[in-house]
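Okay, here's what each chain looks like letter by letter:
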Amino acid sequence: MKDRIDAILRRPQAEYLEALLPPRDSLLAKIEAFAAEHGHPIADPEVAQLERILVRLRKPKRIVEVGTNIGYSVIVMGRELDAGSVLETIEIDRRTLDVARGFVAEARLACRIVFHEGAALEVLSGLEGSIDLAFIDCVKTEYADYLDRLLTRMSSGSVIICDNLLWKGQVAEGPRSESETRSTAALRSFNDRITSDPRLLTTVLAVGDGVGISIVR
Ligand SMILES: C[S@@+](CC[C@H](N)C(=O)[O-])C[C@H]1O[C@@H](n2cnc3c(N)ncnc32)[C@H](O)[C@@H]1O
């Protein structure tokens with residue numbers, strides 16, 4: 001989630017764009033309220049809208065999400081999938097994953113959902129088969145390693161969405177504290193990579209906390 005509404009955009013534009021977002025149904029509104037109350041870093045609603053559009057465009061048979069949290073994006077993307085599709089999602093924290101399972105059960109999705117409990121790098125290394133769309137939204141210093149693992153399973157036309165690429169404005173302006181230095185540097189280097197890797201066609205958008213969209217060439 002972004003740090004503040006004008007971390008990326010100036011406030012009038014950001015407020016205007018937020019007003020254009022579609023209203024949330026009762027389940028998503030409940031999850032957003034739960035996240036706000038308990039400090040869970042779910043995707044911003046504008047990022048969720050981009051997820052919907054990209055999933056509907058790409059029509060993936062298999063999605064892998066790196067970083068489940070409480071299942072907000074599982075529901076957002078899962079609602080765009082049909083019964084023959086699968087969404088796999090990875091979360092290291094059991095209690096968080098239990099909350100996600102509860103919310104996802106309430107969503108009664110048509111597609112199959114696979115919850116992987118564990119460290120993302122290990123789970124990704126064990127995945128087999130091809131992946132049509134990936135959503136990277138986990139440990140910032142590991143993004144490059146997630147990408148390396150995912151690319152071995154992706155072919156031309158596959159889509160990779162990466163969240164937090166502007167990291168509360170710090171990637172462009174520099175870290176605000178010592179504790180943010182490694183993540184900020186890692187994301188800056190990751191952005192350089194995805195925008196120059198010849199295997200990818202990438203754009204980084206000032207949506208939410210910064211979102212990258214890459215297509216495998
Ligand atoms: C930003 S949240 C994901 C938000 C979610 N994608 C959404 O759209 O609502 C990142 C999640 O990654 C989990 N996480 C942190 N380190 C992890 C790791 N090494 N492996 C897997 N999950 C991890 C955190 O517990 C957290 O729930």
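Residues numbered from 1 in each chain as written. Predicted model: local features only at pLDDT ≥ 70, side-chain atom pairs only at ≥ 80, totals over all residues.

**Student:** Before we go on, may I ask you to explain the overall build of the chain in this structure?
**Tutor:** A tally of helices and strands in the chain yields nine helices and seven strands. For the chain, whose C-alpha radius of gyration is 16 Å, the value lies close to the compact-globule estimate of 17 Å for 217 residues. Overall, the C-alpha framework of the chain stretches about 45 × 40 × 30 Å when taken along its three principal axes. Looking at the 217 residues of the chain, the share that counts as buried comes to 41%. (Helix = DSSP H or I, 4+ residues; strand = E, 2+ residues; numbered from the N terminus. Rg over C-alpha atoms; globule rule 2.2 N^0.38 Å. Buried ≥ 20, exposed ≤ 12 C-beta atoms within 10 Å, placed from the backbone.)

**Student:** I would appreciate a short explanation of the nonpolar core in the present structure.
**Tutor:** Nonpolar side chains tend toward joint burial in soluble globular proteins. Judged by nonpolar contacts, the single largest core of 53 residues is most densely connected at V66, Y72, A134, I136 and Y146. In contact with I136, not counting residues within four places along its chain, are V66, Y143, Y146, I160 and C162. (Core = buried A, V, L, I, M, F, W, Y, C linked by C-beta atoms within 7 Å. Contact = placed C-beta atoms within 7 Å.)

**Student:** Which parts of the structure should I look at to understand the sheet that holds strand β7 (residues 211–216)?
**Tutor:** Backbone hydrogen bonds are what pair the strands of a sheet, in a parallel or an antiparallel way. With mixed pairing, the seven strands of this open sheet are ordered in space as β3-β2-β1-β4-β5-β7-β6. The strands lining the two open edges of the sheet, one partner per strand, are β3 (112–117) and β6 (200–205). Sheet twist, expressed as the average angle between the axes of neighbouring strands with direction ignored, equals 15 degrees. Relative to strand β5 (residues 159–163), strand β4 (residues 133–136) is paired through four bridges, and the arrangement is parallel. Directly across from F135, in β5, lies its bridge partner I161. Along the sheet, helix α7 (residues 143–151) makes contact with β1 (62–66), β4 and β5, crossing β4 at roughly 170 degrees. (Pairing = 2+ DSSP bridges. Axes fitted to C-alpha atoms, helices over the stretch in contact; angles between N-to-C directions.)

**Student:** Help me understand the pairing of β1 in this model?
**Tutor:** Burial within β1 is extensive, with five of its five residues counted as buried. Alternating residues of β1 divide into R62, V64 and V66 and I63 and E65, and every residue in both groups is buried. You can see the chain leave β1, run along helix α4 (residues 72–78) and come back into strand β2 (residues 86–91), and the turn it takes is right-handed. (Right-handed = clockwise from strand over helix to strand, strands pointing away.)

**Student:** Where do I start with the site of the ligand in this structure?
**Tutor:** Surveying the vicinity of the ligand reveals 18 residues, the closest of which are A43, G67, N69, S73 and A120. Looking at side-chain class alone, the shell around the ligand contains 10 nonpolar, four polar and four charged residues. (Near = placed C-beta within 6 Å. Nonpolar A, V, L, I, M, F, W, Y, C, P; charged D, E, K, R; others polar.)

**Student:** I'm lost on unusual backbone geometry in this one. Help?
**Tutor:** Outside of glycine, negative phi angles account for most residues, and trans bonds account for most peptide bonds. Of note in the backbone geometry, N69 takes a positive phi value of approximately 55 degrees without being a glycine. With respect to the helices and strands, the residue N69 is situated in the loop between β1 and α4. Given 24 C-beta atoms within a 10 Å radius, N69 is considered buried. With a phi close to 70 degrees, N164 is a non-glycine residue in the positive phi region. With 26 C-beta atoms counted inside 10 Å, the residue N164 sits in the buried group.

**Student:** Explain helix α3 (residues 45–58) here, please?
**Tutor:** The periodicity of an α-helix, 3.6 residues per turn, causes residues three or four places apart in sequence to face the same way. Here α3 contains 14 residues, and its C-alpha end-to-end distance of 20 Å stays within 8% of the 20 Å for a straight helix at 1.5 Å per residue. The set of residues buried in α3 consists of V47, A48, L50, E51, L54 and V55. Buried residues in α3, looked at end-on, bunch into an arc of 160 degrees, giving them a common side. Among the exposed residues of α3, those pointing more than 90 degrees away from its buried face are I53, R56 and L57. Where the residues of α3 are buried, they touch α4, β4, β5 and β7. Just past α3, the residue K59 takes up positive phi, approximately 50 degrees. (Expected span 1.5 Å × (residues − 1). Arc of directions from axis to C-beta.)

**Student:** What am I meant to see in the environment of T181 here?
**Tutor:** Relative to the elements of secondary structure, T181 occurs in helix α9 (residues 181–196). Between the C-alpha atoms of T181 and R24, which are 157 residues apart in sequence, the distance is 35 Å.

**Student:** What should I look at first to understand the pairing of β5 in this one?
**Tutor:** A regular strand places its side chains on the two faces of the sheet in alternate fashion. Among the five residues of β5, five are classified as buried, and the element is accordingly described as predominantly covered. The β-α-β motif built from β4, the intervening α7 and the parallel element β5 has right-handed crossover chirality. Inspection of the sheet shows β5 paired to β7 by five bridges, in the antiparallel sense. Within the sheet, the bridge partner assigned to V159 lies in β7 and is I215.

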